[in-house]
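One-letter residues, chain by chain:
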2 protein chains.
Amino acid sequence: MTSAWQRWFPILSWGLRYKRTELTADGVAAAVVTLMLIPQSLAYALLAGLPPQAGLYASMAPLVLYALMGSSGALAVGPAAVTSLMTAASLGAIAAQGSVAYTEAALMLALVSGALMLVMGALRLGFLAHFLSHPVISGFVSASGLLIAASQLKHLLGVPLHGETLLQLIPNLFQQMPHVHWPTVFMGVGALGLLVLARQQLKPALKRWGVAAGTADVLSKAAPVAVLLLSIALAAGLHLADQGVRVVGAVPQGMPPLTLPSLSAGSWALAQALWVPALLISLVGFVESVSVGQSLAAKRRERIDPDAELRALGLSNMGAGLSGGFPVTGGFSRSVVNFDAGARTPAAGIFTALGLALAALFLTPWLFHLPQATLAATIMVAVLTLVDVGVFARTWRYAKTDFITLLLSFGLTLLAGVEAGLVAGVGASVLLLLYRTSRPHIAVVGQVPGTEHYRNVLRHTVLEQPQILGLRIDESLYFANARFLEDAIALQVAARPGLRHVVLQCSAINDIDASALESLETINERLQASGVQLHLSEVKGPVLDRLQRSHFLTQLSGQVFLTHHQALQALTS
Amino acid sequence: MTSAWQRWFPILSWGLRYKRTELTADGVAAAVVTLMLIPQSLAYALLAGLPPQAGLYASMAPLVLYALMGSSGALAVGPAAVTSLMTAASLGAIAAQGSVAYTEAALMLALVSGALMLVMGALRLGFLAHFLSHPVISGFVSASGLLIAASQLKHLLGVPLHGETLLQLIPNLFQQMPHVHWPTVFMGVGALGLLVLARQQLKPALKRWGVAAGTADVLSKAAPVAVLLLSIALAAGLHLADQGVRVVGAVPQGMPPLTLPSLSAGSWALAQALWVPALLISLVGFVESVSVGQSLAAKRRERIDPDAELRALGLSNMGAGLSGGFPVTGGFSRSVVNFDAGARTPAAGIFTALGLALAALFLTPWLFHLPQATLAATIMVAVLTLVDVGVFARTWRYAKTDFITLLLSFGLTLLAGVEAGLVAGVGASVLLLLYRTSRPHIAVVGQVPGTEHYRNVLRHTVLEQPQILGLRIDESLYFANARFLEDAIALQVAARPGLRHVVLQCSAINDIDASALESLETINERLQASGVQLHLSEVKGPVLDRLQRSHFLTQLSGQVFLTHHQALQALTS
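The model shown is predicted, which means the values in this text are computed figures rather than measured ones.

Our next topic: the overall build of chain A. Counting secondary structure elements, chain A contains 24 helices and 8 strands. A principal-axis box enclosing the C-alpha atoms of chain A has dimensions of 100 × 65 × 65 Å. The burial tally for chain A puts 55% of its 573 residues in the buried class. Relative to all contacts within chain A whose residues are 6 or more apart in sequence, the contacts with residues 24 or more apart total 80%. A total accessible area of about 23,800 Å² is found for chain A, and carbon and sulfur atoms account for 66% of it. Taking the average place of the 34 positive charges on the side chains of chain A and the average place of its 28 negative ones, the gap between the two points comes to 8 Å.

See below:
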């Protein structure tokens, strides 16, 4: 057994020394998560525009496959709110909801997304997820929460609403207001009210009534299942389906089907059409999964391996695509519940999958009368916690450039859709980063009298020599600030007619790339042409090593000094 | 007269104190440049796929307009090799060379490019050009040189060759080899040989023959004009046009026409189709122009204002678009000749424009017999200096990531075209920058015995406390390395079971963005959850100011210390 095998398949580490105590803990957690997942997976399938059983299927094979390669003991893999919204948005451009083509496209999306994750994980490209900066994710997730809530209004009001952005949904909503279906609204708003009440008031109320804290916690978590059962009972008892309230209807009973894609040119064209949305879903899903996985692992002083997570999520998504599901990820709420309920190893996921298999085999007939409005209410309550209002004020106070990125990804996600919002946000954060570092702080430095220290002439009373200019650059030199450096030095030199020497103090320069080297060569040549020597001081070791592999040091008109003070002493003597 | 007026229109500064000595210097320079520009502008029009007079037109109005707003006394504006190639590449997708639509698209391209430059200049967005890193430009320009040379083979061999990339041109060339037109080859290769000989041997030979250095210099610069005249004489004398050698033919005599775009929906659609290539041409043209302008200004210890240059080039391109031209920029060779010939102010450009106007009025009939093969030879000799073979070895030695960017932009420009090469190069340089800074150097630090210094435990013999971990991070913290920091700290903490305190030494951190702040908050929470306190030491003033505008410092489980030594003293006492 090599360690490489264990690195790729963590199950070989924890599985071979699996203990009875872990079995008990994982089993209890699995039971709790199964209860929670039944309504949630149905609801997310609805959100993704797929039949309800797709949600159950997407919560079985992926959980088992994740257990083979995943490194987190608490992560629960399955459909999640934001990735389900992104699934609906990307498939909407390909086929009509409810069609066979739409379901096939969902399978292909999961396959492509899984394949991309596997490749990225194998190539250790997990760092790509870092390009989704916090303001981008924050704005995107808040806007997604609002979009998801808006998209569920059609189920809550019983009217058809089309569109994937607020610009499309809101006018549509006003048009449809006269046609709302009141029995549906009654069910939906009733369920919504009960769920909000349970979330906010149930636990403190139970405690006031003398229920033990642990029991109160479990009861308040089971409230959504109770609301579900109540809705089913009401809908069945009052024959609401006959009055036009849309119910889930017949859900096929049984295990997930094997859904192999056809090896046709059409499949290939579909995969090509879906790879960009699949990449975005992969990145968003990976970021969500890794964030929650790391948080939970840290609570036990453990670590997860992001590249292993990427491979495990890739395998899970391939599994979802081959067994009638749609894109999955490690969801936030289900993983936290899994952790709180005491899950110790990925075996808890395998047990959860078993629980859901039992549900798929025996419980689906009971779901016939479940109103879609209740599922919509379940989604709305879950996603409104995604909307973070305070982040706008906090980010505005902290950093204006980050605020711009936040606002852009929030606004564009709402108004132009999830893909546009995400791409624009990433673009803006990269551009603003380059802009911020493209104008580094450059200080003219002079000698603090009586010391060997050289400080900014604007902040300290220092000594300067008219024929020598000392400059300290507070940033690594690279392509985005290389020309700025040329300009800045030209400006300083043009203002000093008697100048003979320029000394660059390089103590804050961690790197000099090829563009900056070219600029240094240009600066050296230009200074030489106007009779000024260029010197360097306090160059860091690795930077000097690299400069020695170029011709710059032989062309340099001046010298390289160990300290800035030595430079000044040599040039004034 | 406010200084804002003078900043926008530098002519108000130099024009109002224009002296007789400057008039003489500018006049002489203008005469030299005019002689050089006549063949060059015809050749670049040919390269751009336009009739020869377009080259003359593009060298008149733009020169005059540049003089109004430009800040460089030596820059000569007009068609240049790389921008002409890019013009041909972007118009090839819109219309067939030789058609009226093609000429109209060239005018629109110049207008859109000019408008973009004016807007970027007014908004001071000149820094956008910095995103073209040195390896990108280097690879792109070398590949463009080869592409231009390859594209001229059709004129040199007298065969039709289609295509804009080597992948298209080379197979085409092999097909056409049996059909080369030998009289054309004779003219073309003869002209090529003479030009190469003149460039390499004429000046030293003239000196050996006792000609004064200055005269030898002028004579060798005039050699292309001599080759031109010789070709015309040969072609006219031997009636080569009748034997199938393609000549320039009738060039309309007279001043540039006024070419206003029609205000139709078609014009608007054309402008929309051209804005991306126009942006790329603007950026490349601006980089070329500013580089040469800055080099020449520095020789006189002057400065140019990049944003003023952008506005002036924008106006010049608008002028080119309204007077029968095509996109222009400050060309390298013509500007150097202008500078060497003694040009002092942008008035030299106005005089050059007058010289070219005289040429357009009176010389065009003489160009009838000029073989296109001679012009092609002129271009090939000029552009082969763009190809820099040494840059590959130099960059490989200096920095591998820059080498990847260089190879990518070189290879894709050759094989997939100028736009693909440029865009891929910019993308690669940004991605590699993020990758490089996404894994900053993090050192575990310990106390150098007997001092207050704390250094890397791997490089120095230092004292460590088992319950305290000191970490120094050698990079600003931002979104691309924020999660890496979370991982790195989790890894260190997981390896130290007895740990109670983590102290981050922040002396090398110039900035902490909102994503990194979020990561610091997460790190703080996770450490707290596992019973470890987080402390900061040596936080820079501006960074601390900003942290105080967030909630981080109130949530921080530990303290902020002025120095790392104070932290260690407080935590061990």
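Following the structure, the description resumes.
All names here are of chain B. Relative to the helices and strands, Leu274 resides in helix α12 (residues 265-299). On a C-alpha basis, the gap between Leu274 and Thr87 in space is 10 Å, while along the polypeptide they are 187 residues apart. Apart from the residues lying within four places of it in its own chain, the contact partners of Leu274 are Leu91, Ile94, Ala105, Met108 and Leu109.

The transformation that overlays chain A on chain B combines an axial shift of 0.0 Å with a rotation of 180°, and the residual RMSD is 0.1 Å. The symmetry that links the two subunits is that of a two-fold axis.

Time to look at the interface of chain A and chain B. On the side of chain B, 65 residues touch chain A, which itself brings 65 residues to the contact. Roughly 5,800 Å² is buried in total at the junction of chain A and chain B, and carbon and sulfur atoms are behind 56% of that figure. Between chain A and chain B we count 2 salt bridges in total. The salt bridge involving Asp511 of chain B is made with Arg436 of chain A; its shortest N-O contact spans 3.4 Å.

Now for a nonpolar patch on the surface. All names here are of chain B. On the surface, Phe186, Leu194, Leu230, Leu234 and Leu238 cluster together into a nonpolar patch covering about 460 Å² of accessible area. Sorting the residues of the nonpolar patch by element identifies α10 (182-208) and α11 (213-237) as the ones contributing at least two each. Mapped onto the fold, Leu194 is located in helix α10.

The next thing to look at is the packing of helix α7 (residues 100-122) of chain B against helix α13 (residues 306-322) of chain B. Residues and elements named next belong to chain B. Orientation of α7 relative to α13, taken along the N-to-C sense of each, is 160°, at an axis distance of 7 Å. As judged from the angle between their axes, α7 and α13 are roughly antiparallel. Like other packed secondary-structure pairs, α7 and α13 cross with a definite hand, here left-handed. Where α7 abuts α13, its residues Leu107, Ala110, Leu111, Ser113, Gly114, Ala115, Met117, Leu118, Met120, Gly121 and Ala122 lie against Asp307, Leu310, Arg311, Leu313, Gly314, Leu315, Asn317, Met318, Ala320, Gly321 and Leu322. Class assignment of the residues belonging to the contact of α7 with α13 gives a composition of 14 nonpolar, 6 polar and 2 charged.

All names here are of chain B. Here α11 contains 25 residues, and its C-alpha end-to-end distance of 35 Å stays within 8% of the 36 Å for a straight helix at 1.5 Å per residue. The largest bend in α11 is about 40°, located at Ala223, with the proline Pro224 one to four residues further on. Of the residues one or two after α11, His239 is the one with positive phi, at around 50°.

Residue and element names in this part refer to chain A. A positive phi angle, close to 55°, is found at Glu538, a residue other than glycine. Along the chain, the position of Glu538 falls in the loop between β7 (533-537) and α22 (541-548). Taking relative accessible area as the criterion, Glu538 reaches 24% and is therefore assigned partly exposed.

Let us now look at the pattern of salt bridges. As enumerated under the stated definition, the model contains 12 salt bridges over all chains in all. For Arg526 of chain B, the salt bridge identified is with Glu486 of chain B, shortest N-O distance 3.3 Å. Highlighted residues: Arg526 of chain B in helix α21 (residues 514-529) and Glu486 of chain B in helix α20 (residues 479-494), separated in sequence by 40 residues. Judged on exposure class, the residue Arg526 of chain B and its partner Glu486 of chain B are both buried. Linked through salt bridges whose partners overlap, the residues forming this network are Arg436 of chain A together with Asp511 and Arg546 of chain B.

Let's shift gears to the nonpolar core. Ranked by size, the top nonpolar core spans 111 residues in total, and within it Met86, Phe140, Phe326, Leu370, Leu375 and Leu422 of chain A carry the most contacts. At 14 residues, the largest contribution of residues to this core is made by helix α12 (residues 265-299) of chain A. With 106 residues, the next largest nonpolar core counts Ala81, Tyr102, Val159 and Leu370 of chain B among its residues.

What follows deals with the sheet that holds strand β6 (residues 501-505) of chain A. Residue and element names in this part refer to chain A. Strand order in the open sheet made by the 6 strands is β4-β3-β5-β6-β7-β8, with mixed pairing throughout. What marks the edges here is a single partner per strand, and that holds for β4 (454-456) and β8 (560-561). Seen against the sheet, helix α21 (residues 514-529) touches β6 and β7 and runs at an angle of roughly 140° to β7.

Time to look at the side chain of Thr374 of chain B. Residue and element names in this part refer to chain B. Its location among the elements puts Thr374 in helix α16 (residues 372-383). What makes Thr374 buried here is its relative accessible area of 1%. Setting aside anything within four residues of it in sequence, one finds Thr374 in contact with Met187, Ala191, Val227, Leu228 and Ser231.

Residue and element names in this part refer to chain B. Strand order in the open sheet formed by 6 strands is β4-β3-β5-β6-β7-β8, and the pairing between neighbours is mixed. Because the sheet does not close on itself, it has two edges, and the strands there are β4 (454-456) and β8 (560-561). As paired strands, strand β3 (residues 442-447) and strand β5 (residues 468-473) are joined by 4 bridges and run antiparallel to one another. Its bridge partner being in β5, Ala443 is matched across the sheet by Arg472.

This part is about the pairing of strand β3 (residues 442-447) of chain A. Residue and element names in this part refer to chain A. Sheet topology places β3 next to β4; 3 bridges connect them, and they run antiparallel. Bridge assignment links Val445 to a residue of β4, and that residue is Asn456. As consecutive antiparallel partners, β3 and β4 are separated by 6 residues, and within that stretch Gly450 has a phi angle of approximately 80°, a positive value.

Residues and elements named next belong to chain A. For β7, the buried fraction is high: 4 of the 5 residues fall into the buried class. Judged from the 5 bridges that link them, β6 and β7 form a sheet pairing that is parallel. Paired with Val502 across the two strands is Leu534, which belongs to β7. Handedness of the crossover joining β6 and β7 through α21 is recorded here as right-handed.

Residues and elements named next belong to chain B. Tracing the chain through its elements places Ser138 in helix α8 (residues 134-157). Sequence separation between Ser138 and Leu386 is 248 residues; the distance between their C-alpha atoms is 9.0 Å. Apart from residues no more than four positions distant in its own chain, Ser138 is found in contact with Val391 and Leu406.

Note: predicted coordinates in regions of low pLDDT should not be interpreted at a detailed level. Scored by pLDDT, chain A comes out at a mean of 87, with 99% of its residues at no less than 70. Interface predicted TM-score (ipTM) for the complex: 0.74; the corresponding pTM is 0.77.

Attention shifts here to the side chain of Asp487 of chain A. Mapped onto the elements, Asp487 of chain A comes out in helix α20 (residues 479-494). By relative accessible area, which is 15% here, Asp487 of chain A ends up buried. Non-local contacts of Asp487 of chain A, meaning those with residues more than four positions away in its chain, are made with Gln294, Arg303 and Pro306 of chain B.

Let us look at the packing of aromatic side chains. The final tally for this structure, using the stated rule, is 8 aromatic pairs over all chains. Pairing Tyr478 of chain A with Phe479 of chain A gives two aromatic rings, centres 5.2 Å apart and planes at 75°, and the pair type is edge-to-face. Accessibility assignment for this pair places Tyr478 of chain A and Phe479 of chain A in one class, buried. For Lys400 of chain A, the ring lying beneath its charged end belongs to Trp396 of chain A, and the centroid distance is 4.6 Å. In this arrangement the basic side chain of Arg546 of chain B is found over the ring face of Tyr398 of chain A, its NZ or CZ atom lying 5.4 Å from the centre.

Cut-offs and rules
Every chain begins its residue count from 1, and numbering advances along the sequence as written. Written order determines the labels here, with chains lettered from A and ligands numbered from 1. The model is predicted, so local features are restricted to residues of pLDDT at least 70 and side-chain atom pairs to those at 80 or more, both for listing and for counting; the totals for chains, interfaces and linings are taken over all residues. Each side-chain value is worked out from all heavy atoms of the structure, with water and hydrogens disregarded. By definition, any uninterrupted DSSP run of H or I lasting at least four residues is a helix, any uninterrupted run of E lasting at least two residues is a strand, and each is numbered from the N terminus. Buried residues are those whose accessible area, probed at 1.4 Å on protein chains only, stays under 20% of the maximum for their type, while exposed residues exceed 50% and partly exposed ones sit between those limits. Should any heavy atoms of two residues lie within 4.5 Å, those residues are counted as being in contact. Shrake-Rupley sampling with a 1.4 Å probe provides the accessible areas, and residues are treated as covered by the protein chains on show and by no other component. Asp and Glu count as negative and Lys and Arg as positive, but His and the ends of the chain are not part of the count. By convention, charge coordinates are those of NZ in Lys, CZ in Arg, CG in Asp, or CD in Glu. Copies overlap after least-squares fitting; the atoms used are the C-alpha atoms of residues with pLDDT of at least 70 in both. Put simply, buried area is the surface a 1.4 Å probe can reach on two separate parts but cannot reach once they are joined, added for both. Within this document, salt bridges are pairs made up of a side-chain nitrogen of Lys or Arg and a carboxyl oxygen of Asp or Glu, the two lying within 4 Å of each other. Patch criteria: residues need more than 30% relative accessible area and no salt bridge. Like-charged residues are merged within 9 Å; nonpolar side chains of Val, Leu, Ile, Met, Phe, Trp and Tyr are merged within 5 Å. Angles run from 0 to 180 degrees between N-to-C directions of axes, and those axes are lines fitted to C-alpha atoms, restricted for helices to the stretch in contact. Any angle that is under 35 degrees is reported as roughly parallel, and any over 145 degrees as roughly antiparallel; angles of 65 to 115 degrees are reported as roughly perpendicular and all others as oblique. Crossing handedness: left-handed means the near helix sits turned counterclockwise from the far one by under a right angle, and right-handed means the same turn made clockwise. Each residue is assigned to one class: nonpolar for Ala, Val, Leu, Ile, Met, Phe, Trp, Tyr, Cys and Pro, charged for Asp, Glu, Lys and Arg, and polar for all the others, Gly among them. To estimate how far a helix should extend, the number of its residues minus one is multiplied by 1.5 Å. Bending is quantified residue by residue as the angle between axes fitted to the seven-residue window ending at that residue and the seven-residue window starting at it. Nonpolar cores are built from buried Ala, Val, Leu, Ile, Met, Phe, Trp, Tyr and Cys residues. Side-chain atoms within 4.5 Å join them into one set. Any two strands with at least two DSSP bridges between them are considered paired. The handedness of a crossover follows from its direction of travel: if, with the strands pointing away from the viewer, the path from the first strand over the helix to the second runs clockwise, the crossover is right-handed. pLDDT measures how confident the predictor is about each residue, on a scale from 0 to 100. Put simply, two rings from Phe, Tyr or Trp (the six-membered ring, in Trp's case) pair if the centres are within 6.5 Å, and we call them stacked under 30 degrees between planes, edge-to-face over 60, tilted for the rest. Lysine and arginine charges are scored as sitting over a ring when NZ or CZ, respectively, is within 6 Å of the ring centre and within 35 degrees of the ring normal.

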